[in-house]
Amino acid sequence: MTKIEVFDYANEILRGVKGGALLSVSAEGKFNCMTISWGTLGIEWNKPIFTTFVRQSRYSKEFLDKNGEFTVCIPYNGEPLEILKGCGVKSGRDTDKAKEYGLQLVKGVSVSSPAIKQLPLTLECKLIYVQKQDEKAMPAEVLDKCYPIDNGSRDIHTAYVGEIVNAYILD
């Protein structure tokens, strides 16, 4: 494991998230992960942060709300597309994703959520702020494109802002 300075790897992190990364979460002895392609890297309250956006309906949201810690696991020097595709399609409610996709979980250093060896660029985060997005503040074209009405409501995201407490590349 090689410890890194987050902002020295900002391009790799943002390119990786745009192409697909895994959000890894644990709670009450259970593990889940989900593919993400929306996220921000920045500084808030003089802390390095990663903000991820999770829909209300996602199983991973339950874990985030219970535990308050997560890892962002990003491809680096290779792209495990099958893992990203599969973890983006199947729900952890019905599938043991670690077993299904042969994920090699690595114990987190500073958080209880694991890193994933196949996606070695890892950000360990602890929640410092959570906010459900306000659909009244969104442009109509965004609502229509990203949040179509289904069963009378829209599956709006919650923004989870995590302080990056550790960052590294798994060897």
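Use the structure listed above.
The shown structure was predicted, so the numbers you read here are calculated from the model rather than taken from an experiment.

**With respect to helix α2 (residues 59-67)**
Link 1 in the chain: Turning to α2, its buried residues number three or more, namely Y59, S60, K61, F63 and L64.
Link 2 in the chain: Taken from the residues just after α2, G68 is the one with a positive phi, measuring 80 degrees.

**Some points on unusual backbone geometry**
Link 1 in the chain: The backbone of E28 shows a phi angle near 50 degrees, a positive value even though the residue is not glycine.
Link 2 in the chain: By the element assignment, E28 lies in the loop between β2 (21-27) and β3 (30-36).
Link 3 in the chain: We note that N46 has phi near 65 degrees; this positive angle belongs to a residue other than glycine.
Link 4 in the chain: Among the secondary structure elements, N46 is positioned in the loop between β4 (39-44) and β5 (47-55).
Link 5 in the chain: Classification of N46 by relative accessible area gives exposed; the value is 77%.

Quick notes on the rules
- Residues numbered from 1 in each chain as written.
- Predicted model: local features only at pLDDT ≥ 70, side-chain atom pairs only at ≥ 80, totals over all residues.
- Heavy atoms only, no water.
- Buried < 20%, exposed > 50% of the residue type's maximum accessible area, 1.4 Å probe, protein only.
- Helix = DSSP H or I, 4+ residues; strand = E, 2+ residues; numbered from the N terminus.

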